[in-house]
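The primary structure of each chain is shown beneath.
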Amino acid sequence: MADIPPNQTIYVQNLYEKLPKEELRKALYAMFSQFGKILDVVALKTLRMRGQAWVVFADVAAATHAKNSMQGFPFFEKPIRIQFARSKSDAVAKLDGSYKPDKERSRKSAAARETLIKRSEGKRTPAAAAGGPAAASGAADGSAPPNKILFAQNLPEASTSQMLTLLFNQYPGFLEVRMVEARPGIAFIEFDAELSATTAMSGLQNFKITPDRAMLLSYAKQ
C-alpha cells in the first residue's frame, strides 16, 4: 500500500479488540485530536472489521502528522499500525460535494444514535441530573497547593477511565484515574510525585477532548 497518496483519512490497525466500539471511538478521538481537527472516527465491531478504525482529519497535513507521530504507539500495550486510507470517507465527501448518501445506512445510523442517546440519559442518576453533591472533599477549587493528585473538570459526561488513561499515561509517574460515578464530568488523576503531576497538568491543561469541551486541570485538595 506504499502507493496510496497522503489524504485526510488514516487507517489504524492492530487495535485492542475487547474495547467496546463507542469507547474505542472516544479513545481514538482523545489520542489523535492533538494533531488537528477531527471530522469523524469510524470503528466497526463486526468479526471482519475488529481491531481497525479510520480517523478522518480536516486536512491532509494533520493526518500526515498523526500518521508519522503515532506509528507504533502502544495502544493498550499493542503497537498500532497506521496507513493512509484507500478510499475517501463520507465526512470528506460531504465537504467536497461528492457525497452520495446510502439511505439504508443512514437509517441504521440514526437508529443507533437514538439508542445511544437514550442509553446515556438512562445512566444519569437523579443526583447527577440535579447537579449532584460535591464530588468529594478532594475536589479542587483552584486554591489547593501543588501535590501529586490532579482534579479534572469539564469532561464530557461519556468520558471513561480508559479514555483518560490514554491521555495521562504518556507522562512519567502516572498511577491511576479515578472517576466519580455520582458526578459525571470530573475525575481524579494520581501520579507518583508532585513533579510528575505538574508536568502532566502543564501538558494537558485545556486539552480539547471534544471540539467544544476543554479539560480543566487543578491540584486536588487533600
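Residue positions are given per chain, counting from 1 as you read along its sequence in written order. Confidence filtering applies because this is a predicted model: local features only for residues at pLDDT of at least 70, side-chain atom pairs given and counted only at 80 or more, and all residues used for totals across whole chains, interfaces and linings. No hydrogens and no water enter the side-chain calculation; it runs on all heavy atoms of the structure.

Looking at an unreviewed UniProt entry, one finds the chain named RRM domain-containing protein, with Tetradesmus obliquus as its source organism.

Caption draft 1: Expanded view of unusual backbone geometry. Positive phi, normally seen in glycine, also occurs at Asn154, with a value near 65°. With respect to the helices and strands, the residue Asn154 is situated in the loop between strand E7 (149-153) and helix H6 (161-168). With a 1.4 Å probe rolled over the protein chains alone, any residue whose accessible area is under 20% of its type maximum counts as buried; one over 50% counts as exposed, and the rest are partly exposed. Assessed through its relative accessible area of 33%, Asn154 is described here as partly exposed. The phi angle at Asn206 is positive, at roughly 65°, despite the residue not being glycine. With respect to the secondary-structure elements, Asn206 resides in the loop between helix H7 (194-204) and strand E10 (208-210). Note on conventions: DSSP H or I runs of at least 4 residues are helices, E runs of at least 2 residues are strands, and numbering of each starts at the N terminus.

Caption draft 2: Representation of the sheet that holds strand E6 (residues 81-84) within the structure. Read across the open sheet, the four strands follow the order E2-E3-E1-E6; overall the sheet is antiparallel. Two strands lie at the open edges of the sheet, namely strand E2 (38-43) and E6, each paired on one side alone. Averaged over all pairs of adjacent strands, the angle between strand axes in this sheet comes to 20°, irrespective of strand direction. In this analysis, two residues are considered to be in contact whenever any of their non-hydrogen atoms come within 4.5 Å of each other. Every axis corresponds to a line fitted to the C-alpha atoms, with the helix fit spanning only the stretch in contact, and the corresponding angles, defined between N-to-C directions, vary from 0 to 180 degrees. Contacting strand E1 (9-13), E2, strand E3 (52-57) and E6, helix H1 (residues 21-32) crosses the sheet at an angle of about 145° to E2. Relative to the sheet, helix H2 (residues 60-70) contacts E1, E3 and E6, its axis offset from that of E6 by approximately 155°. For two strands to count as paired, DSSP must find a minimum of two bridges between them.

Caption draft 3: Spatial organisation of the side chain of Gln52. Positionally, Gln52 belongs in strand E3. Judged by its relative accessible area of 12%, Gln52 is buried. In protein, a polar contact means a hydrogen-donor-capable atom and an acceptor-capable atom, both N or O and within 3.5 Å, with residues adjacent in sequence counting only if both atoms are side-chain atoms; elsewhere, any N or O pair within 3.5 Å suffices. Here the side chain of Gln52 touches Tyr11 through a polar contact of 2.3 Å, side chain to side chain. With residues up to four places along the chain from it excluded, the contact list for Gln52 reads Tyr11, Val12, Gln13, Leu15, Ala43 and Leu44.

Caption draft 4: The arrangement of the nonpolar core in detail. Ranked by size, the top nonpolar core spans 27 residues in total, and within it Ile10, Leu28, Phe32, Phe57, Phe75 and Ile80 carry the most contacts. Looking at this core element by element, the count peaks at six residues for H1. Residues in contact with Ile80, not counting those within four places in the same chain, are Val12, Gln13, Asn14, Leu15, Met31, Phe32, Met70, Gln71, Gly72, Phe73 and Phe75. Counting residues in hydrophobic clusters, the runner-up holds 24 residues, among them Ala144, Phe168, Phe191 and Met215. Here the nonpolar core consists of buried residues drawn from Ala, Val, Leu, Ile, Met, Phe, Trp, Tyr and Cys, with membership extended through side-chain atoms lying within 4.5 Å.

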